[in-house]
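Structural overview for review
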Amino acid sequence: MTGGSDSPDWSGAPEGWNWAAQDEDGRWFWYGVKPVPGIGGGVWRAPSRAQAYAGQGAPNPEWYESLRERPG
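Residues numbered from 1 in each chain as written. Predicted model: local features only at pLDDT ≥ 70, side-chain atom pairs only at ≥ 80, totals over all residues. Heavy atoms only, no water.

1. Description of the nonpolar core
Membership of the largest hydrophobic core is limited to 7 residues, which are W19, A21, F29, Y31, W44, A46 and W63. Counting residues per element, the ones that place at least two in this core are strand 1 (19-22) and strand 2 (27-31). Core analysis: the next-biggest nonpolar cluster, separate from the first, contains 6 residues, W10, W17, A20 and W28 among them. (Core = buried A, V, L, I, M, F, W, Y, C linked by side-chain atoms within 4.5 Å. Buried < 20%, exposed > 50% of the residue type's maximum accessible area, 1.4 Å probe, protein only. Helix = DSSP H or I, 4+ residues; strand = E, 2+ residues; numbered from the N terminus.)

Here you go:
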């Protein structure tokens, strides 16, 4: 799954936060800065103040392809 039906709705994203990505375990997060893949794999990383929980989806073995920029 690479950003399919369980990706979060952008209307729930904090103002000015233009990135969303899903970790391997299915958790989605909003990001205030562009995140990078974690060194150990399975997660995206950004400064903690620039990351907010966005919802739970199905586990995603292709998590590294889930990074999305806010449309528009």
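2. Here's the deal with the pattern of salt bridges
For the coordinates displayed, the defined rule picks out 2 salt bridges. We note a salt bridge from D23 to R27, for which the minimum N-O separation is 3.9 Å. Taking relative accessible area as the criterion, D23 reaches 3% and is therefore assigned buried. Between R27 and D25 there is a salt bridge whose closest N-O contact spans 2.9 Å. When its relative accessible area of 32% is taken as the criterion, R27 is described as partly exposed. Among the residues examined, D25 registers a relative accessible area of 39% and is labelled partly exposed. (Salt bridge = Lys/Arg side-chain N within 4 Å of Asp/Glu carboxyl O.)

3. Considering the sheet that holds strand 5 (residues 51-56)
One open sheet accounts for 4 strands, arranged 5-2-1-6; its pairing is antiparallel. Taken across any chain shown, the strands that pair with only one partner, and hence form the sheet edges, are strand 5 and strand 6 (68-69). Where strand 2 lies against strand 5, 5 bridges are found, and the strand directions are antiparallel. Bridge pairing in strand 5 links F29 to Y53. (Pairing = 2+ DSSP bridges.)

4. Things to note about the side chain of N60
Residue position: N60 is located in the loop between strand 5 and strand 6. Under the relative-accessibility criterion, N60 is labelled buried at 0%. Here the side chain of N60 touches E62 through a polar contact of 2.9 Å, landing on its backbone nitrogen. (Polar contact = N/O pair within 3.5 Å; in protein donor to acceptor, adjacent residues only side chain to side chain.)

5. Observations concerning the pairing of strand 2
With 4 of its 5 residues buried, strand 2 lies for the most part within the structure. Taken together, the 4 bridges between strand 1 and strand 2 define a ladder with antiparallel strand orientation. Pairing of A20 across the sheet is with W30, part of strand 2. The turn linking strand 1 back onto strand 2 is made up of 4 residues, and G26 within it adopts a positive phi angle of 100°.

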